Amino acid sequence: MAEVVNQTSRELTPGAKKWLLIMLITVSAPQLMYVPLWLAVTGGCLLSWVWLTLERHRYVIPRWGKGVVVIAVILGVLVFSSQSKGLDGLSSLLIAGALLKSMELKKQRDGWVLVLVACFIAAVGFLFNQSMPSAVYGGVSLLTIVCALLMMHQGSTQAWLFLPVKKSLFMLLQSIPLMLILFLIFPRIGPLWSVQYQQSTAKTGLSDRMQPGDISRLTRSASVAFRVSFTDNKPPAPEQRYWRVMTFADFDGQGWSIADVTKQDMQGDVSDDDLIEYQVIAEPSASTWLFALDYPLASSASAVQRYSDGTFKARAAVSQRISYTASSLLIKPYDGHPLVNRPRYLAVPAAGNPQTRKMVRQWQQKGFSAEEKIAALFKNFNQHFTYTLSPQKLQGNRIDQFLFDTREGFCEHFANATAYTLRLAGIPSRVVGGYLGGEWNDYEEYLLIRQYEAHAWVEAWLDGKGWIRLDPTTAVAPERVIQPFDQLFSSSPEFMADSSMMAFRLQQNLAWLKTLSLRYDALNYNWHRWILGYHQQQNNLLQDWFGQISLLKMLLLLFIPVGCMLMIVFWWLLKVQSRWMHPVDKEVVAISDLLAKVSVELKRASGETVQMYSVRLAETLPEIRAELDAWSGLYQRLRYADASAQAEDTSLQYHRLSQQLMSKIKRLGKQGVIGKGVKQPDVEKQIETRVW
Amino acid sequence: MRDRIDQLVDTVSSVVLGKEDVVRLAVACMLARGHLLIEDLPGMGKTTLAHTLAHVFGLEYRRVQFTSDMLPADILGGAVFNQQTSSFVYHPGPVFTQLLLADEINRSTPKTQSALLEAMEEGQVSSEGVTRQLPSPFFVLATQNPTNQFGTFPLPESQLDRFLMKISLGYPDADTEKKLLKHGDTRSDIEELPVCIDSKMLQDIQTACQQVAVSEPVLDYIQRLAQFSRSSEEIVLGLSPRGALALIQAAKAWAYMSGRDFLTPDDVQQVFSSVVEHRLLIRKDLNYQADPIRAILTKVDVLS
Amino acid sequence: MADRRSLRGRIQAWLVNRYPGQAVIRLTQKRIYILPTLAGSAYLLVVLLILLLAVNYQNNLAYAVCFTLLSLFITAILHTYANLSGLESRALLTEPVFVGDEAYFRYQLNTDRGLFQLGLGFDKAQCMTLDLVANRPANVEIPSLCSQRGWQQADLLYIGSLYPLGLFRAWSWLRFEQSVLVYPKPVAGGEIEALRGAEQHKHAVGARGDDEFQELKSYYPGATKSSIAWKVYAKGHGLQVKEHQGYAGNELWLDWDSWPELSVEARLSRLCYWALVFSQSGSRFGLRLPGKQIAPATGVEHKKNVLTQLALYGGGPEDGRSG
């Protein structure tokens, strides 16, 4: 029966209030890290208090108390957001506003304010975190928003917990196809105005200054630097996986700093069999460095700029994952251009490292060619040096100390010494910073490069050959190039001193865990590539699928599937829910429907009991009178008699008899027996004839 | 015992000619321990039916003619001054009997009607501070003239439902009437009829009727009927829960008489009209051709 | 003239012309209107803000949130529409009321799907809200103030719903062929003496009418002691009971000319009051109006008859029902 409520004032029901609070908690929970602690604590207290007042109206805070809280929170948040430049301020403002509003939850209008703010908070949340779990969580947040909205417009009599969840889930699921289509085809345009994006700086294996010897221990992390997929799905050989990031051209005696380089046009016109095309998905790094396979040629992405030292840089700091396509050559032919600014690549401080200078002088006295000098140096490395991740500290004439004293170190030490020595020897050289290696993921066919694979090597300018890559590390430890880094050093304690590495090492040791991790990373990769980086994929994807994009096509693409989808939802909504029927009753309906096909009059009338129906049928169909009688008797016993007193096979018997009846009716129908002289179903008459 | 019931019905029908269905309903009403209201024009055989029923059940029987100046004490009894003993002695009224035929009940004033109806409800009479139990079994067979007749006090709706059923005999059909005319008055034969069911057996049967099983689907059906009557346009006041209970009670007796120990919707439909009609307030100012009560039966689906 | 009418009035008039009065109305797309609510518009604004956010930060998950909310908005159209579609409403008979009272217009609502939070009322702002269960007809009564006697036509009935999300309002205006009879407002006053016809002087109000003696019958159990003809018994004729003719009340006349000093409406109000008083006490009374006379009688039907005549006197449109 309908419940009639007068709804002149639209007050929120307790159920709606509960859901509004649940929504608020769910939506703002992930952002608690970004808001000041005092706000989180105040919010927690406020929400628990509001929840308590829902149950009983005892804990009422006086008006002035509320006023104090409101003013204090507003002042605090204003101070906080004026100090923080990024999104934290915005997020705090939104959350504080919603929290304060939750104290005044009375009318439907208040509920609406909360819901709308919650929508916005949910969206802002994705600016902080775009991982897959956070996306799933975002879905849950949206569900609670819909639930709250639904509860606000539902009667107070209905269950408040599961019913709205079910209904909201249905509504969201029905909305998803349309959402996907919009997501797919909505044109992605560039930012309308520049926004400040503050992000905690990601750890990288690279820094903008290279000063070997400062630290005695290399701490590296296993976090992902970038991922690369290749157009032909084949990665280059391990020894060719040099990922160029930056070049260091200026040496001040202690360390190397990044060279000022000029922008350069992309070299897009090279067509070569050796050309490798690939797509990079770079993790955020808060710097402009980008990653490219040595030797980079061109990138189609507008955000990527090529520089004269052969590196790529982003036009703005990489604060979010970006993806870009690029092409490279593994072996770069000399293009004949002379070296620009030669003195710069020969510049060394006038004094220092006397032993090294002496060694170079000896080479020159011997009349070594450039190649011979390099070979001599590498031979020296190979014979007398060891590769270690925890070398001794260097002081004073660092290169002398390294070359003639400690004779141990990692890539940076070798690159440093090599470049210095070559410059002394009159060979223009520079240090290149980047990554070496990468883990091939078979499931999604991409190369995963982690931060611990950071590497440094040297490039030397040989007249007539151009810049040549020299990796002194290969001379010391060739296996560093060929074997995966983690396998190589998994036993050395200095490898990955991070605490998080423990899990990583465990993972590397257990095969299945490694598989799982690879699979997860594959999923993550796709997530980054197709969802988070969709704006970079959209054009290609749509063109691949639908050819040249035109407005008409876009509109058709939008309206045809959306129309179909909406029609389906509409049909589903307007469909009359079929009543639940007892299986025993279903057979009655089946027989009645079967007979109705022959003659409408033989359909069971709504007020007609099965007994009466069978009697009426027996009058028109005397051929099956016996079956009908037995059938209706069984029906009555099954449906109306005491269940405990029944034989077990009554039900079976009934169903068998029903089937038998149906087949007989079908046969009779074919013979044309049924349908002549049919008696009308007149329930009134039937009842009447038996009583009055 | 069921043969005895059939035999009883046959016996009554041999006196009240051509009305076997009504007789069955009346018997069912008594088996369900309910009081019966017979509404009909004078001369249709109401009294004969009541008299015969009393006889074949072997019940003690009294008849009270209700009039407008009747007082409650005229039915319930009252204290009479005895000159020999110089004290008031309670004289039981006609209500102290196993079967009371209350003739033309709607001729008396509401006060008197109430007194009887209260006694029916409670099975006892309170007079001058003493409560006296009515005999068991105790039935009231009341007759009433159609309420639109002149000089009647219609029974209040709230008290009408003390009667389990309201039936009406109606005119006999042509054949029966001819037979009736030929045989003349059959009333004198009543005394010679055999007693078919004695009061011991009656009580057993009543208990058996109570034990008829009512399954969930039937309860559902009854609930739907009640629900429909409440939302029907033609009916001002729908069936009360008490009315629905009465329906089950009567239908159980009918089921028992039909030889079943469980209730089916057929039983409900059979007794529906007579149980329900006087419990509903039907809107009179609408000109409906169809009987709204039977419309309920046709519109409510038996299968849920 | 048309310019002077308010917009609402014009819309009402248009609706009245658009839909002929009916007894049963089934809501279909011809009748259901649907528009975003104010809150729905605010929601769209927030969606737009989120879109700006997504564009500016090139954040595809924010895009996803934006599009999910937008899709939900569009899905809500269907849901809200479906929550009204297929509703069958039927106007039921309305009990007559007195001027100044609220008439309860009764409607029966039925649907083959469950419908939620339907709002019904003659005024959009003041609605009853109810949930409907499939195939369970529900009766609702909607009050409407009656200020004029005679037949009063029911206003357009607003029926609408915000369910499920309140983003949209689906509504319809129903016009039923339905009216209520409004009796004059009963106003106490005047003397009962003035009502008495000259020939009824022997009857005082409240006096019991003598029943006429009809016949003697032989005694039967239960006959009252007072009705026993003791005199006859004394004569040795056995116990006989005096039978009396039916109960007859005194006759009173409600006369239009009793209070010549009153205005038409005041007279009707007073007559109405006395008609109620007499019905209450069960007296027999008749009604004399100019050109109309109702013979004395008792009972509910008679009372209705009298009140109807009073309601429809003179100015009251005689056949408001068919109009």
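Not measured: the values here are computed from a predicted model.

**Things to note about the pairing of strand β17 (residues 292–297) of chain C**
Residues and elements named next belong to chain C. Sheet analysis places strand β16 (residues 284–289) next to β17, joined by four bridges and oriented antiparallel. Bridged to Arg288 within β17 is Gln293. Remark: two residues form the turn of the hairpin made by β16 and β17, two consecutive strands paired antiparallel; Gly291 in that turn has positive phi of roughly 80 degrees.

**Quick word on the interface of chain B and chain A**
Taken residue by residue, the interface counts 26 residues in chain B and 29 residues in chain A. Interface area for chain B against chain A, summed over the two sides, is near 2500 Å², with a carbon-plus-sulfur share of 55%. Remark: the boundary between chain B and chain A carries one salt bridge. When the shortest N-O distance is used, the salt bridge between Arg604(A) and Asp301(B) registers 2.7 Å. Listed by contribution, the elements that provide at least two residues to the side of chain B that touches chain A are α2 (20–31), α9 (216–231), α11 (265–276) and α12 (292–299) of chain B. For the side of chain B that touches chain A, the element with the most residues is α11(B), which contributes five residues. A per-class count over the side of chain B that touches chain A returns twelve nonpolar, eight polar and six charged.

**Describing a nonpolar patch on the surface**
A cluster of nonpolar residues, Ile189(A), Leu192(A), Trp193(A), Leu49(C) and Leu52(C), forms a patch on the protein surface that exposes about 480 Å² of accessible area. Counting through the fold element by element, Leu192(A) comes out in the loop between α7 (162–185) and β2 (209–210). On the basis of relative accessible area, Leu192(A) is assigned to the partly exposed category, the value being 47%.

**Overview of the pairing of strand β7 (residues 126–132) of chain C**
All names here are of chain C. Counted residue by residue, β7 has six buried out of seven residues, so it is predominantly covered. Bridge count between strand β6 (residues 115–123) and β7: five bridges; the pairing is antiparallel. In the strand pairing of β7, Gly119 is matched with Thr129. The antiparallel hairpin formed by β6 and β7 contains two residues in its connecting segment.

**Things to note about the interface of chain A and chain C**
Often the size quoted for an interface is simply the accessible area lost on bringing the parts together. The interface of chain A with chain C comprises 63 residues on the first partner and 57 residues on the second. The contact between chain A and chain C buries some 5600 Å² in all, and 70% of this surface belongs to carbon and sulfur atoms. Applying the counting criterion to the chain A and chain C interface returns zero salt bridges. Residue composition of the side of chain A that touches chain C, grouped by class: 41 nonpolar, 17 polar and five charged.

**Let's talk about the sheet that holds strand β9 (residues 150–153) of chain C**
Residue and element names in this part refer to chain C. Taken together, three strands build an open sheet; the order of strands is β4-β12-β9 and the sheet is mixed. In this open sheet, the two edge strands, each paired with only one partner strand, are β4 (97–98) and β9. Pairing of β9 with strand β12 (residues 179–183), which is carried by four bridges, proceeds in the antiparallel orientation. Residue Gln153 lies in a different strand from β12, and its bridge partner there is Ser179. Packed on one face of the sheet, helix α6 (residues 300–311) meets β4, β9 and β12 and runs near 90 degrees to β12.

**Digging into the packing of helix α1 (residues 2–15) of chain B against α2(B)**
Residues and elements named next belong to chain B. At a minimum axis separation of 10 Å, α1 and α2 run at an interaxial angle of 130 degrees. Between α1 and α2, the crossing angle belongs to the class labelled oblique. The way α1 lies across α2 gives a crossing that is right-handed. The segment α1 lies against α2, with Ile5, Asp6, Leu8, Val9, Val12 and Ser13 engaging Glu20, Val23, Arg24, Val27 and Leu31.

**A word on the UniProt feature "transmembrane region" (unreviewed entry) in chain C**
UniProt tags residues 32–55 and 61–82 of chain C as "transmembrane region" (unreviewed entry). Taken end to end, residues 32–55 of chain C is 75% helix and 17% strand, and its first and last C-alpha atoms sit 37 Å apart.

**Focus on the confidence of the model for chain C**
Scored by pLDDT, chain C comes out at a mean of 78, with 80% of its residues at no less than 70. A low-confidence stretch, residues 317–323 of chain C (pLDDT under 50), is modelled with ten contacts involving residues beyond four sequence positions or located in other chains.

**Comments concerning the side chain of Arg639(A)**
Residue placement: Arg639(A) occurs in helix α21 (residues 625–640). With residues near it in sequence (within four places) discarded, Arg639(A) still touches His582(A), Val584(A), Asp585(A), Ser215(B), Pro217(B) and Ser304(B).

**A few points about the sheet that holds strand β10 (residues 304–307) of chain A**
Through backbone hydrogen bonds, the strands of a sheet pair up, either in parallel or in antiparallel fashion. Sheet architecture is open: three strands sit in the order β6-β10-β11 (chain A), paired in antiparallel fashion. At either end of the open sheet lies a strand with only one pairing partner, and these are β6 (263–264) and β11 (312–314) of chain A.

**Notes on helix α11 (residues 411–424) of chain A**
Between its first and last C-alpha, α11(A) extends 20 Å over 14 residues, near the 20 Å set by a 1.5 Å rise per residue. Of the residues flanking the end of α11(A), it is Gly426(A), one or two places downstream, whose phi is positive at about 85 degrees.

**A short note on the packing of helix α20 (residues 610–620) of chain A against α21(A)**
All names here are of chain A. Across the interface, α20 lies against α21 with an axial gap of 9 Å and an inter-helix angle of 180 degrees. Considering the angle they form, α20 stands roughly antiparallel to α21. Contact residues: α20 offers Val610, Gln611, Ser614, Leu617, Ala618 and Glu619, while α21 offers Arg625, Leu628, Asp629, Trp631, Ser632, Tyr635 and Gln636. The residue inventory of the contact of α20 with α21, partitioned by class, reads six nonpolar, four polar and three charged.

**Let's talk about unusual backbone geometry**
Cis peptide bonds are those with omega within 30 degrees of zero, and the linkage from Asp294(A) to Tyr295(A) qualifies with 0 degrees. Looking at the element boundaries, Tyr295(A) is found in the loop between β8 (292–293) and β9 (296–299). With an omega of 0 degrees, the peptide bond running from Tyr163(C) to Pro164(C) counts as cis. One can find Pro164(C) in the loop between β10 (157–161) and β11 (168–174).

Calculation notes
Residues numbered from 1 in each chain as written. Chains lettered and ligands numbered in written order. Predicted model: local features only at pLDDT ≥ 70, side-chain atom pairs only at ≥ 80, totals over all residues. Heavy atoms only, no water. Pairing = 2+ DSSP bridges. Helix = DSSP H or I, 4+ residues; strand = E, 2+ residues; numbered from the N terminus. Contact = heavy atoms within 4.5 Å. Buried area = accessible area lost by both parts, 1.4 Å probe. Salt bridge = Lys/Arg side-chain N within 4 Å of Asp/Glu carboxyl O. Nonpolar A, V, L, I, M, F, W, Y, C, P; charged D, E, K, R; others polar. Patch = residues over 30% accessible without salt bridge, like charges linked within 9 Å, V, L, I, M, F, W, Y side chains within 5 Å. Areas by Shrake-Rupley, 256 points an atom, 1.4 Å probe, with all protein chains shown as cover. Buried < 20%, exposed > 50% of the residue type's maximum accessible area, 1.4 Å probe, protein only. Axes fitted to C-alpha atoms, helices over the stretch in contact; angles between N-to-C directions. Parallel < 35°, antiparallel > 145°, perpendicular 65-115°, else oblique. Left-handed = near helix turned anticlockwise from the far one by under 90°. UniProt positions renumbered as here; feature names shortened; annotations may be inferred. pLDDT = per-residue confidence, 0-100. Expected span 1.5 Å × (residues − 1).

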